[in-house]
Amino acid sequence: MTKIFNRKVGREGEEIAAKFLLDKGYKILERNYYTRFGEIDLVVSKNGVLTFIEVKLKHGDDFGTPEEMIGGFKLSQVQRMAEFYLMDKPKMAEIYKTYLIDAVCVVTSEDGEVERINHYENLTF
Amino acid sequence: MLTKVLSAAHFGLEATPIEVEVNVFKKGFPGFSIIGLPNKSIEEAKERVKTALINSGIEFPNLKIIVNLAPADIPKEGSLYDLPIAIGILSSMELVEPPEEKSFFYGELSLDGGLRHTKGVFLLALAAKSLGIKNLFVPKDSANEAAVIGGINVYPVSSLSELIGFLNGISEIKKLDHIVHRSLSTDYEAVEFDFSEIIGQESAKRAMTIAAAGGHNIFMQGPPGAGKTMLARATAGILPPLNEEESLEVTKIYSLTGNIPPGEGLITQRPFRTAHHTTSRIGLIGGGSDPHPGEISLSHNGVLFLDEFPEFPRSTLEALRQPLEDGKVSIIRIAGSVTFPASFMLIAASNPCPCGYLGDPKKECKCTPRMIMKYQAKLSGPLMDRIDLHINVPAVDIDKLIDTPRQLGSQTSRQIREQVIKARETQNKKFKGLKIYTNANMKNKHIAKFCDIDKGSLLLLKQAVNTYNLSARTYFRLIKVSQTICDLAGENRILPNHVAEALQYRIRTND
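Given the structure is predicted, the values throughout are model-derived calculations rather than measurements. (Residues numbered from 1 in each chain as written. Chains lettered and ligands numbered in written order. Predicted model: local features only at pLDDT ≥ 70, side-chain atom pairs only at ≥ 80, totals over all residues.)

**Points about the nonpolar core**
And step 1. Residues Ala86, Leu124, Leu136 and Ala146 of chain B are the most contacted members of the largest nonpolar core, which totals 134 residues.
And step 2. For this core, the element with the most residues is helix H4 (residues 121–131) of chain B, which contributes eight residues.
And step 3. Residues within four places of Leu124 of chain B in sequence aside, it is in contact with Ala8, Ala15, Phe104, Tyr106, Leu136 and Ala146 of chain B.
And step 4. One finds Leu21, Leu57 and Tyr85 of chain A together with Phe29 of chain B within the second-largest nonpolar core, a separate group that totals 23 residues. (Core = buried A, V, L, I, M, F, W, Y, C linked by C-beta atoms within 7 Å. Buried ≥ 20, exposed ≤ 12 C-beta atoms within 10 Å, placed from the backbone. Helix = DSSP H or I, 4+ residues; strand = E, 2+ residues; numbered from the N terminus. Contact = placed C-beta atoms within 7 Å.)

Below, the structure written as structure tokens:
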């Protein structure tokens, strides 16, 4: 049950984050880029900068904050996937010379109402 | 906002001030990182500080926090940075107002927000005094160590919330009064064995008294069961109390190793330490990549008892040579060099051979000559040369053991201790201000200055040196022992009978 549930929560978070970023003026290039090595939740761009987004969603705060779930290991995973993405799509690599890694953390209430949404820019800096 | 809180790091017996810089960012990805060469115990401070703050009723900020321990090139260890980090975070969040005067914050936090006994507070107080730092915020259990040093404000802190209240001017923490060193306490503390319980062995007891009075090293040899271990353990009961300077020196080492129990201040009882023969060289001498004092430093100004002396690895025994001569030990590692004081009185006990009955009048020795040679070769010449008193502890006659009524034994430890204290007082008076405390500590220049030897004694010494081929070191050591015997007798001048007695402890049977 949990595996399917997790994926559902992930989808839900991506929806919320994508809407949020669109409002902020980002262009969504890719949603849930998936390979057998891992995945990237969102690939977006704004002002000519390619940005890979890791989305975390939590229902309620019983199990801590979404920020706590993004540690050094998760960051290196996203970074590795970003490199893979650019290898996979050489055209993208030609357009965008550099890239950033961001995180969007969403906390909702038990019934799915968004309580807060935070966008952290440039995590690896 | 950036805030700076002062704390300290230890290296050897010195404490260096460390600035704990804390920045709580208003933006950025939340996280908590500590930089400035922290080791694992400081890495774990994150979890302790976080939980302690939450349990003190403060919401831990979901913000980016960076802690820097400056200067950043000194490796740091220990749990003592918990309190300065917590105070740094709080003042960076503008929840407390750090004091305007320079203050040291020091201590380990418990998860419930209380402060735990932390080692090294005595050294911290010494550093505070020399650096002119006024206030000290330390755990309540360790605060007595700091109160021994006068001229600084010592605040005993029992919990984080208490300190927050104090810094914000809401509640009060009472400063500790300066604790003055109790003058030579003559109250007797009973130990495991009393000298009156040891039947016979009068000459060994006399030698022990001399050793204790002058801080001389002593070597006992005898068959198993003769009472060597008992004699050594009983010696703990005749040691004089520490004088003020000695006590400060011992407390420094004990504070560094965390050997001071919670709530205690100065160490006033003379150390008596025993080391088993499986003790490693580092454990005995001191060392490690971050140099720590070993048993010889922990028995500084006291007694180190090494039972079954030849069973120690040779390398361990030979490493004792330099500290036995210099009264200190220098440990040199990549991280730097540290000198620990190690002026101790060595009591060593051994059997004459592996089976233990060599030279026994009743029981036959079963060892081959080769075994005996191998056993005795462990006790190298240079090492034995540094031991002033050599005694034989023969087996006690069974008739004597049964017939002698307990009470009629001999002098009690309490009586012997009084003699020892008297002799030590004479020495303390003589060596005032010289940083030496016993006759055994004397260097050759001190011997020339303090030992008054009459003509007959000098002649006797000369004859002994010629007859027995004694080394120059032995010659000076003989004078030191004679001086102690002279002090015990309450005389001002070394007389031939003092030298004669000293010689009797010098000549080893198998030399």
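Still more to cover.
**With respect to helix H20 (residues 472–489) of chain B**
Residues and elements named next belong to chain B.
And step 1. For H20, which comprises 18 residues, the first-to-last C-alpha distance of 26 Å matches the rise-based estimate of 26 Å (1.5 Å per residue) to within 8%.
And step 2. Looking only at H20, the buried set comprises Arg477, Leu478, Ile479, Lys480, Val481, Ser482, Gln483, Thr484, Ile485, Cys486, Asp487 and Leu488.
And step 3. Looking at the buried positions of H20, the neighbouring elements they touch are helix H7 (202–214), strand E18 (389–392), helix H17 (413–430), helix H18 (444–450), helix H19 (455–468) and helix H21 (496–506).
And step 4. Positive backbone phi, at 80°, marks Gly490, one or two positions downstream of H20. (Expected span 1.5 Å × (residues − 1).)

**A closer look at the sheet that holds strand E4 (residues 99–108) of chain A**
All names here are of chain A.
And step 1. Spatially, E1-E2-E3-E4-E5 is the arrangement adopted by the five strands of the open sheet, whose pairing is mixed. With one partner strand each, in any of the chains shown, strand E1 (27–34) and strand E5 (114–120) form the two edges of the open sheet. Neighbouring strand axes in the sheet, compared pairwise and without regard to direction, differ in orientation by 25° on average.
And step 2. Bridge analysis of strand E2 (residues 39–46) against strand E3 (residues 49–59) gives five bridges, and the strand direction is antiparallel. Pairing of Lys46 across the sheet is with Val49, part of E3.
And step 3. In this fold helix H2 (residues 72–88) packs onto E1, E2, E3 and E4, with an angle of close to 70° to the strand it touches most, E2. (Pairing = 2+ DSSP bridges. Axes fitted to C-alpha atoms, helices over the stretch in contact; angles between N-to-C directions.)

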